[in-house]
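Understanding the architecture of this molecule
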Amino acid sequence: MLGDLKDPGAYQAPLEISGRDPGLLVDLLRTMMLSRMVEEHLADQRREGTIGGPVHLGIGQEAIAAGVSQFLRSSDRVFGAHRSHYHALALGTDFKALFAEILGKETGLSKGMGGSMHLWDEPRGFYGSVPIVGGTVPLAVGAALAAKLQASDAISVSYLGDGACEEGVVHESLNLARVLDAPTVFVVENNLFSSHMHISLRQPSDSTARFAVAHEIPFEVVDGNDVLAVADAAGRLIEQARSGGGPGFLEAVTYRWLGHVDWRADIDVGVARSESDLKQWRLRDPIARLRAALEAVGQWSPEEDKELERELSESIEEAWSQAMDDPWPSDEALLKYVYSSEGGA
Amino acid sequence: MPHMKEYDYGSAIRAGFDYLLSEYPEVFVMGQGLWSPWYVGNSMTDLDKIYGTDRVIDTPVSELACTGAGVGASLAGMRPVVVHPRIDFMLYALDAIVNQAAKWSHMFGGQAHPRVTVRGIINRGGEQGAQHSQALHSWFAHIPGLRVVMPATVADARDLLIASVLCDDPVVFIDDRWLYDLKGELPAPKELDLRAQGPVVVREGVDITLVASGYSTQLALEASEVLLEEGISCEVLDLRVIAPLDPAKVIRSVSKTGRLVAIDGGWRTCGLSSEILAQVVEHVPPNSMKANCVRVTLPDAPAPTSRVLEGLYYSSIEDVVAAARSCARNG
């Protein structure tokens, strides 16, 4: 059971950062702030109707991808799901290309053919996100198996949620990864909710790590709003997978500030989602906790913070306006990608 | 003429795997029963011993995860073949095939190449009943992004398998246990470009066009022999690749003969035979037609187990002969 990891009132204090490299911590802060601000921009644009399709935002959950990605290489294979903007951004994906994709422009990550829910950035190791819950989990195992057959030290990361753990394919995939020793790190972002329903109404236990136990996969359970706790655990599991130790399972407990889709908080439609919980979880903010810790030891200041915010805000505005001006896909795009243009051998 | 060893259809499939595994290190095979002749007949015999159990993987009982793993491995540079010894059980894998493999090229603007081959075996009859019997090729042919291949001959069993695996698109390769004993000669393996493969005329004729695929092609060929004795000359087309379907040869043949019998081992409604008739209706001028088109298919019912009902259920050579005869007499 998760115990106080799921208590919104717990873990609100500044992070413990003694002995850590300040440069690295500022990088993590920057990654999370970029992710937050990009998604806040998307929420605004969706509310205004500039974005025509659904956006699933991960505001409040930024620490998980930021922590995990610290140990990833561009040769690794990362698979996401419906809520994956920040998974790609944490790998260094160009947010202008993300904007263009969400707007359905030819210059987008998926050439304007995917939109928010279907992202692709292979040069950075992002092997695709799709909204079928659990859909990419076995794909990550296969990409890891490929790495093994290729005698490469690449690994796969499969991001999934607590809701996906109710899909049969996740259990098949955990078993398969284990028996084939496929170097996959399963990262369960347990934000306690499926689209609308609290985990206590869907599962007999609130911790998904029991599924790792069932498949004899080494696991860690951490506060997903503590970027350092995530990074430390992810670092261990990734190193183990990379060095031939087989799959790993990381359960990171977090909470999404917005509803399942788009900009609303969805307090009124979420079953067991409450205003008071959300208020507390906003105090357990992964960004504020790192920022406060850095400021307390003089490694960061409100002025630097303002300056970073201004810089990010400017580049987001600029990228957005470029993406808005970018061309639409040509009419032939409708048919030309159905089959591979490169064809067979 | 150089000596050619006579093969059967099952061992020709094995020859295809043998060729692929020896020539292409990025090829591997996974599925249930690959280390056992019980599941896959003679089509995989000893490949695990030759190429190792890490490249010929007998898997847990997890159709979906294994097929999804095939898709994922293909994105990461491999050319996997996922084998389903019975297509009925492959239905667990529909998400990986239909939502993932078929969509990734289009959805990611041509940047992702899920070049996985999913081999599903039709394994029916023998009083096995409704869940050990299905021929679901029409379903897969309905999905844009999939190539659906149904070899009907010994040479195609090997060469279309090779072409499927070397193709950069996801392929559903469907073979049929009722064909495994079919004998034929097997010349040296060919690396065909699957995109250029499609229907072929396997027997020329003038009176009536029989269109079929997979096992139904053999029914059509045998029926055409009987019909010839009655003075009815059949042109037989073997579709070979049913998606994407190139209807040109079917249209040309029916424009010539003015008569069509479409034979399919699947159900009638919204099936492959429906598509063949639709192509003919759309493209053959009505004044070229001499008779109404006829279909020979399964009745729209699940497969029975009782041998009496099973005899009624599956199409026979006599069914094809009767259909063609009535079509030839009309008009």
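Report on the accompanying structure. Note that residues are indexed from 1 along each chain, following the sequence as it is written. Throughout, the order in which chains and ligands are written sets their labels, letters from A for the former and numbers from 1 for the latter. Residue-level local features of this predicted model are given only where pLDDT is at least 70; pairs of side-chain atoms are given and counted only at 80 or more, and the full residue set underlies all totals for whole chains, interfaces and linings. Remark: hydrogens and water are excluded; side-chain values derive from all non-hydrogen atoms of the structure.

Describing the pattern of salt bridges
Residue and element names in this part refer to chain B. Whenever a carboxyl oxygen of Asp or Glu lies within 4 Å of a side-chain nitrogen of Lys or Arg, that contact is scored as a salt bridge. Going through the model one piece at a time under the given rule, you end up with 33 salt bridges over all chains. Between Glu-26 and Arg-79 there is a salt bridge whose closest N-O contact spans 3.9 Å. Of this pair, Glu-26 sits in the loop between α1 (9-23) and β2 (27-31) while Arg-79 is found in strand β4 (residues 79-84), placing the two residues 53 residues apart along the sequence. Across the salt bridge formed by Arg-325 and Glu-230, the nearest N and O atoms sit 2.7 Å from each other. Here Arg-325 is found in helix α13 (residues 317-329), whereas its partner Glu-230 is found in the loop between α9 (215-229) and β11 (234-238), with 95 residues between them in sequence. A 1.4 Å probe rolled over the protein chains alone gives each residue an accessible area, and that area as a share of the maximum for its type sets the label: buried under 20%, exposed over 50%, partly exposed in between. Judged by relative accessible area, which is 24%, Arg-325 ranks as partly exposed. Residue classification places Glu-230 among the partly exposed positions, given a relative accessible area of 39%. Counting from the N terminus, the helices are the DSSP runs of H or I reaching at least four residues and the strands are the DSSP runs of E reaching at least two.

Describing the interface of chain B and chain A
Residue contacts are defined here by distance: any two heavy atoms, one from each residue, within 4.5 Å place the two residues in contact. Facing 43 residues of chain B, the contacting portion of chain A comprises 44 residues. As a working definition, buried area equals the accessible area (1.4 Å probe) given up by two parts on being put together, with both sides summed. The largest per-residue losses of area from chain B upon contact with chain A belong to His-106, Phe-108 and Gln-111 of chain B, which jointly make up 16% of the total buried on that side. Our count for the contact surface shared by chain B and chain A stands at zero salt bridges. Every element with two or more residues in the side of chain B that touches chain A is listed here: β2, α4 (63-75), α5 (94-101) and α6 (104-107) of chain B. Among the elements that line the side of chain B that touches chain A, the one with the most residues is α4 of chain B, at ten residues.

Here we look at the state of the cysteines
All names here are of chain B. In what follows, a disulfide is any cysteine sulfur pair within 2.5 Å. Per the counting criterion, the structure on display carries zero disulfides over all chains. For the unlinked cysteine Cys-234, the closest cysteine sulfur is that of Cys-327, found at 9.6 Å. Given the relative accessible area of 2%, Cys-234 is considered buried. The thiol of Cys-293 is unpaired, and the distance to the nearest cysteine sulfur, on Cys-327, comes to 7.2 Å.

Describing the pairing of strand β5 (residues 219-223) of chain A
All names here are of chain A. We treat two strands as partners when DSSP finds at least two bridges between them. Pairing of β5 with strand β6 (residues 248-253) involves five bridges; the strand directions are parallel. Following the sheet pairing, Glu-220 is matched in β6 by Leu-250. On the question of chirality, the crossover connecting β5 to the parallel β6 by way of helix α8 (residues 227-242) is right-handed. With the strands aimed away from the viewer, a crossover counts as right-handed if its path from the first strand over the helix to the second runs clockwise.

Some remarks on the nonpolar core
One recurring pattern in soluble globular proteins: nonpolar side chains tend to sit buried together. Put simply, a nonpolar core is a bunch of buried Ala, Val, Leu, Ile, Met, Phe, Trp, Tyr and Cys residues held in one set by side-chain atoms that sit within 4.5 Å of each other. One finds Phe-186 of chain A together with Met-30, Ile-97, Trp-104 and Phe-140 of chain B to be the most contacted residues of the largest nonpolar core, which totals 81 residues. No other element matches helix α5 (residues 137-149) of chain A, which puts eight residues into this core. Start and end positions for the domains come from either an automated domain assignment or a database one. Each of two domains, domain 1 (6-195) and domain 2 (200-329) of chain B, supplies a minimum of three residues to this core. When neighbours within four sequence positions are excluded, Phe-186 of chain A is seen to be in contact with Val-137, Val-141, Ser-158, Leu-160, Ser-173, Leu-174, Ala-177, Ile-217, Pro-247, Gly-248, Phe-249 and Leu-250 of chain A. Core analysis: the second largest hydrophobic core is formed by 76 residues, Ala-66, Leu-89, Leu-228 and Ala-323 of chain A among them.

Thoughts on the packing of helix α1 (residues 22-48) of chain A against helix α2 (residues 62-69) of chain A
Helix-helix packing is characterised by the crossing angle of the two axes and by the distance between the axes. Residue and element names in this part refer to chain A. Two elements in contact, α1 and α2, have axes whose closest approach is 9 Å; the angle formed by their N-to-C orientations is 135°. By the angle between their directions, the pair α1 and α2 is classed as oblique. Both α1 and α2 take part in a crossing whose hand is right-handed. For the pair α1 and α2, the contacting residues are Leu-28, Thr-31, Met-32, Ser-35 and Arg-36 in the first and Glu-62, Ala-63 and Ala-66 in the second. Partitioned by chemical class, the residues of the contact of α1 with α2 number four nonpolar, two polar and two charged. Angular values range over 0 to 180 degrees, each being the angle between N-to-C directions of two axes fitted as lines to C-alpha atoms, with helices fitted over their stretch in contact. Should an angle fall under 35 degrees it is taken as roughly parallel, and over 145 as roughly antiparallel, whereas 65 to 115 is taken as roughly perpendicular and any remaining angle as oblique. Two helices that cross are described as forming a left-handed crossing if the nearer one is turned anticlockwise from the farther one by less than a right angle, and a right-handed crossing if clockwise. Polarity classes work like this: nonpolar for Ala, Val, Leu, Ile, Met, Phe, Trp, Tyr, Cys and Pro, charged for Asp, Glu, Lys and Arg, and polar for all others, with Gly in that last group.

What about unusual backbone geometry?
Backbone torsion omega between Ala-243 of chain B and Pro-244 of chain B reads -10°, so that peptide bond is classified as cis. With respect to the secondary-structure elements, Pro-244 of chain B resides in the loop between β12 (241-243) and α10 (248-257). Although it is not a glycine, Tyr-11 of chain A sits at a positive phi angle of roughly 55°. Looking at the secondary structure, you find Tyr-11 of chain A in the segment before α1.

Details of the packing of aromatic side chains
Under the pairing criterion, centres of Phe, Tyr and Trp rings, with the six-membered ring standing for Trp, must be within 6.5 Å; the plane angle then separates stacked pairs below 30 degrees from edge-to-face pairs above 60, leaving the rest tilted. In the structure shown here, the tally under the stated rule is 14 aromatic pairs over all chains. Pairing Phe-95 of chain A with Phe-99 of chain A gives two aromatic rings, centres 6.0 Å apart and planes at 65°, and the pair type is edge-to-face. Taken together, the residues span about one helical turn, with Phe-95 of chain A and Phe-99 of chain A both in helix α4 (residues 95-102) at a distance of four residues. Both residues of the pair, Phe-95 of chain A and Phe-99 of chain A, belong to the buried class. For the pair Trp-178 of chain B and Tyr-314 of chain B, a centre-to-centre distance of 5.1 Å together with 75° between the ring planes defines the contact as edge-to-face. In this pair, Trp-178 of chain B is assigned in the loop between β7 (171-176) and β8 (183-185) and Tyr-314 of chain B in the loop between α12 (307-313) and α13, connecting sequence segments 136 residues apart. Note on Tyr-314 of chain B: relative accessible area 9%, which makes it buried. Here the basic side chain of Arg-36 of chain A rests over the ring of Trp-257 of chain A, its NZ or CZ set 4.4 Å away from the ring centre. Either the NZ atom of lysine or the CZ atom of arginine qualifies as a charge over a ring when it sits within 6 Å of the ring centre and within 35 degrees of the ring normal. Positioned above the aromatic ring of Tyr-339 of chain A, the side-chain terminus of Arg-147 of chain B is 4.5 Å from the ring centre.

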